Amino acid sequence: MAGVVIGLIVTATDAFRTGTLLIGSSLLVGAGLRWGLAKVGMLAVRSRFTDVITYGVLGLAIVLLALMAQPDPLIRIPFLEDIIHFSVR
């Protein structure tokens, strides 16, 4: 949670890409920690599988979107641009 809070603070100080990368990577680290910890005590209201998949997918999506953000995207995924142009027309 500390990584997400730091990422939000960095994002609020006009470093959008860095802040969102911190948030996404914090979620990915959280997925790894949840996968590695066998028991979490009374906080376990969902299964480990659900937590790992949710944190992993959301973290990966945030990292990819941060890397694709304009201006000057670090990665380009051509079929996503085609989908946006087709849907927005």
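To start, this report covers the structure provided alongside it. The shown structure was predicted, so the numbers you read here are calculated from the model rather than taken from an experiment. (Residues numbered from 1 in each chain as written. Predicted model: local features only at pLDDT ≥ 70, side-chain atom pairs only at ≥ 80, totals over all residues. Heavy atoms only, no water.)

Another point: the side chain of Arg34. Tracing the sequence through the fold places Arg34 in helix H2 (residues 16-36). One polar contact links Arg34 to Asp51, side chain to side chain, over a distance of 2.8 Å. (Helix = DSSP H or I, 4+ residues; strand = E, 2+ residues; numbered from the N terminus. Polar contact = N/O pair within 3.5 Å; in protein donor to acceptor, adjacent residues only side chain to side chain.)

The next subject is the packing of H2 against helix H3 (residues 48-68). In contact at an axis separation of 8 Å, H2 and H3 are set at 160 degrees when each is read in the N-to-C sense. Accordingly, the angle class assigned to the pair H2 and H3 is roughly antiparallel. When the axes of H2 and H3 are compared, the crossing they make is left-handed. Taking contact as the criterion, the partners of Arg17, Thr20, Leu21, Ile23, Gly24, Ser25, Leu27, Leu28, Gly30, Ala31, Arg34 and Trp35 in H2 are, on H3, Arg48, Asp51, Val52, Tyr55, Gly56, Leu58, Gly59, Leu60, Ile62, Val63, Ala66 and Leu67. Per-class residue counts for the contact of H2 with H3 are 14 nonpolar, six polar and four charged. (Axes fitted to C-alpha atoms, helices over the stretch in contact; angles between N-to-C directions. Parallel < 35°, antiparallel > 145°, perpendicular 65-115°, else oblique. Left-handed = near helix turned anticlockwise from the far one by under 90°. Contact = heavy atoms within 4.5 Å. Nonpolar A, V, L, I, M, F, W, Y, C, P; charged D, E, K, R; others polar.)

Once that is clear, we can look at the packing of helix H1 (residues 2-12) against H2. The N-to-C vectors of H1 and H2 enclose an angle of 170 degrees; their axes lie 7 Å apart at closest approach. Between H1 and H2, the angle falls in the class roughly antiparallel. Contacts between H1 and H2 pair Gly3, Val4, Ile6, Gly7, Leu8, Val10 and Thr11 from the former with Phe16, Thr18, Gly19, Thr20, Leu22, Ile23 and Ser26 from the latter. Residues belonging to the contact of H1 with H2 are distributed by class as follows: seven nonpolar, seven polar and no charged.

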